[in-house]
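# Survey of secondary and tertiary structure
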Amino acid sequence: MKITDIEVIHLRVPRENEVCTWGEDAVIVKVITDNGIVGIGEADSSPSVIKACIETPNSNLYCYGLKSLLLGENPLEIERLWNKMYWGSNYMGRRGAGIHAISAIDIALWDIAGQYYNVPTHTLLGGKYREKIQAYGTFIPADRPEDNREIALKLVQQGFTSIKFGGGVFGDNPDVDYEIVRHVREAVGDEIEVQIDLASKWGTCGHALEMCRRLEKFNLNWIEEPVLADNLSSYAKLSSKVSQKIAGGESLTTRYEFSDFLEKSHVDIVQPDITRCGGITEMKKIYDLAQMHGTRLIPHGFSTGILLSASVHFLAACEHGTMMEYSQSDSPLFTDLVTNKLPFENGYVSVSDMPGLGIELNEDLVAKYLVN
């Protein structure tokens, strides 16, 4: 079996000159083989940049487009191909978007392998530890703090026992942050886990420390990305001085960045995104590093049903892969891109046993939101 083509598909709900928020655009890949098997992957990144990383002609020894490196290759040789992509494109990005692009292709290769051997991807990853995975619901908070009471209550009524919010206005104003947290906690009660995501907006260690202590009364489960992931000393200080668990890492890529982050940040929870960190192949290595550091791995996941499926297969095959994120985006790219999107039921997402990742794309929706 050989790879004959790699198709990069840029999807976007708003017009290109309109503001786009999380979940409203996507870049997916189809890795096509000569025996008819097609693997599907995704990168949660800038679609135009990912398209360039995959399709660009080579400039020199280390500047090959990923597609040119893979045409004619056997898609089942996944780790060798990961190393070939990493080596042959490293001037374009041994971190960041270059690895995001590799992630999309790597996920598609694992999908191909599962289909070829007629087993779910989690079987190829070592076997299924569980039939379902606890999920927490993530939402972008409303601008008015009091409006978030209804949003949070609706999640609890759906069956979520754990919720998280971040983005939007959250992190811009200390008093607004406090009021949003207060309203959410009062609405859902003390039995529901609540965690917050600052997307690094708190900026400095001093401000983050002050806010953590100010919010202590609300019994937050974890505080995510209070500062940039580059500020390892700030993470370490916060982790040693606050009562809440500190989480981060969604913006990091490869085992190399995560090794440094785990060693120096002392976070309680590490959050690689399988569509950014290097795909399933690299996620396995990051999970092993996390276990060696005594750190819980709960992956980031706020995009389409492709990311959702890849995360479920990966976690099902991890001994301690017991929790995941479940987007509450109302974007059609989350709700309808995958026609058989894994559902949330009674606090959990079931693990699929379909061959590969088990993804079925809505081609009509692809055509509707395709960016030419």
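Residues numbered from 1 in each chain as written. Predicted model: local features only at pLDDT ≥ 70, side-chain atom pairs only at ≥ 80, totals over all residues. Heavy atoms only, no water.

## Considering the overall build of the protein
Along the protein, the regular secondary structure elements total 15 helices and 13 strands. Against the compact-globule benchmark of 21 Å for 372 residues, the protein has a radius of gyration of 20 Å, which places it among compact chains. Across its three principal directions, the C-alpha atoms of the protein cover 60 × 45 × 40 Å. Per-residue burial for the protein yields a buried fraction of 57% across its 372 residues. In the protein, 73% of the contacts between residues at least 6 apart in sequence involve partners at least 24 apart. Here the protein displays about 14900 Å² of accessible surface, and carbon together with sulfur accounts for 47% of that area. Each charge sign in the protein was given a centre, from 34 positive and 51 negative side chains, and these centres are 3 Å apart. (Helix = DSSP H or I, 4+ residues; strand = E, 2+ residues; numbered from the N terminus. Rg over C-alpha atoms; globule rule 2.2 N^0.38 Å. Buried < 20%, exposed > 50% of the residue type's maximum accessible area, 1.4 Å probe, protein only. Contact = heavy atoms within 4.5 Å. Areas by Shrake-Rupley, 256 points an atom, 1.4 Å probe, with all protein chains shown as cover. Lys, Arg positive; Asp, Glu negative; His and termini not counted. Charge placed at Lys NZ, Arg CZ, Asp CG, Glu CD.)

## Some thoughts on the pattern of salt bridges
Tallied over the full model, the rule gives 24 salt bridges. A salt bridge links Lys51 to Glu55; the shortest N-O distance between them is 3.2 Å. Placement of the pair is Lys51 and Glu55 together in helix α1 (residues 47–55), with a separation of four residues, close to one helical turn. In this structure Lys51 comes out as partly exposed when scored by relative accessible area, which is 32%. For Glu55, a relative accessible area of 37% translates into the label partly exposed. Among the salt bridges present, the one from Glu77 reaches Arg80, with a minimum N-O distance of 2.7 Å. Residue classification places Glu77 among the partly exposed residues on the basis of a relative accessible area of 36%. (Salt bridge = Lys/Arg side-chain N within 4 Å of Asp/Glu carboxyl O.)

## Observations regarding empty space enclosed by the protein
Counted under the stated rule, the structure contains two cavities of 30 Å³ or more. Approximately 40 Å³ is the volume attributed to the largest cavity. What lines the largest cavity is simply Gly301, Phe302, Ser303, Thr304, Leu307, Leu308, Glu325, Tyr326, Ser327 and Phe334. When residues of the lining of the largest cavity are assigned to their parent elements, the largest contribution, three residues, is made by strand β11 (residues 323–327). Residues belonging to the lining of the largest cavity are distributed by class as follows: five nonpolar, four polar and one charged. Space inside the second largest cavity adds up to approximately 30 Å³. Those elements that place two or more of their residues in the lining of the second largest cavity are α13 (305–316) and β11. (1 Å grid on protein atoms, 1.4 Å probe; cavity = no way out; pocket = protein on both sides within 12 Å on 5 of 7 lines; lining within 4 Å. Points joined across faces, edges and corners; volume = space filled by probe spheres on them. Nonpolar A, V, L, I, M, F, W, Y, C, P; charged D, E, K, R; others polar.)

## Examining the sheet that holds strand β2 (residues 25–33)
With respect to topology, three strands assemble into an open sheet ordered β1-β2-β3, the strand pairing being antiparallel. Bordering the open sheet on either side are β1 (3–12) and β3 (38–43), each of which pairs with just one other strand. Averaged over neighbouring strand pairs, the angle between their axes works out to 20° when direction is ignored. Alignment of β1 against β2, held across nine bridges, turns out to be antiparallel. Looking at the pairing, Ile3 lines up with Thr33 of β2. Lying on the sheet, helix α5 (residues 97–117) is in contact with β1, β2 and β3; it crosses β3 at an angle near 150°. (Pairing = 2+ DSSP bridges. Axes fitted to C-alpha atoms, helices over the stretch in contact; angles between N-to-C directions.)

## Observations regarding the packing of aromatic side chains
Evaluation of the coordinates by the stated rule reveals 15 aromatic pairs. Taking the centre distance of 5.0 Å and the plane angle of 85° together, the rings of Tyr116 and Tyr117 count as edge-to-face. You can call Tyr117 partly exposed: its relative accessible area is 48%. Between the aromatic rings of Tyr326 and Phe334, the centroid separation amounts to 5.7 Å while the plane-to-plane angle is 85°, which identifies the pairing as edge-to-face. Phe334 carries the same exposure label as Tyr326, and that label is buried. Through a chain of ring-to-ring contacts, the aromatic side chains of Phe160, Tyr326, Phe334 and Phe344 assemble into a single cluster. The ring of Tyr348 carries Lys132 above its face, with NZ or CZ at 4.4 Å from the centroid. (Phe/Tyr/Trp six-rings, centres within 6.5 Å; stacked < 30°, edge-to-face > 60°. Lys NZ or Arg CZ within 6 Å of the ring centre and 35° of its normal.)

## Considerations on the pairing of β2
Among the nine residues that make up β2, seven are buried, leaving the element largely enclosed by the rest of the structure. Sheet topology note: the β2/β3 ladder contains six bridges and is antiparallel. Within β3, the residue paired with Val31 across the bridge is Gly39. Counting the residues that bridge the hairpin from β2 to β3 gives four residues, and of these Gly36 lies at a positive phi of roughly 95°.

## Looking at the nonpolar core
Formed by 112 residues in total, the largest nonpolar core has its most connected members in Ile54, Ile105, Ile163, Phe165, Ile196, Trp202 and Leu215. With 11 residues, the top contributor of residues to this core is α5. The contact partners of Phe165, leaving out residues within four places of it in the chain, are Phe139, Pro141, Phe170, Ile180, Val181, Val184, Val194, Gln195, Ile196 and Asp197. (Core = buried A, V, L, I, M, F, W, Y, C linked by side-chain atoms within 4.5 Å.)

## Things to note about a nonpolar patch on the surface
The grouping of Tyr116, Tyr117 and Leu124 at the surface amounts to a nonpolar patch, some 300 Å² of accessible area in total. Following the sequence through the fold, Tyr116 ends up in helix α5. Take Tyr116: its relative accessible area is 41%, and that puts it in the partly exposed class. (Patch = residues over 30% accessible without salt bridge, like charges linked within 9 Å, V, L, I, M, F, W, Y side chains within 5 Å.)

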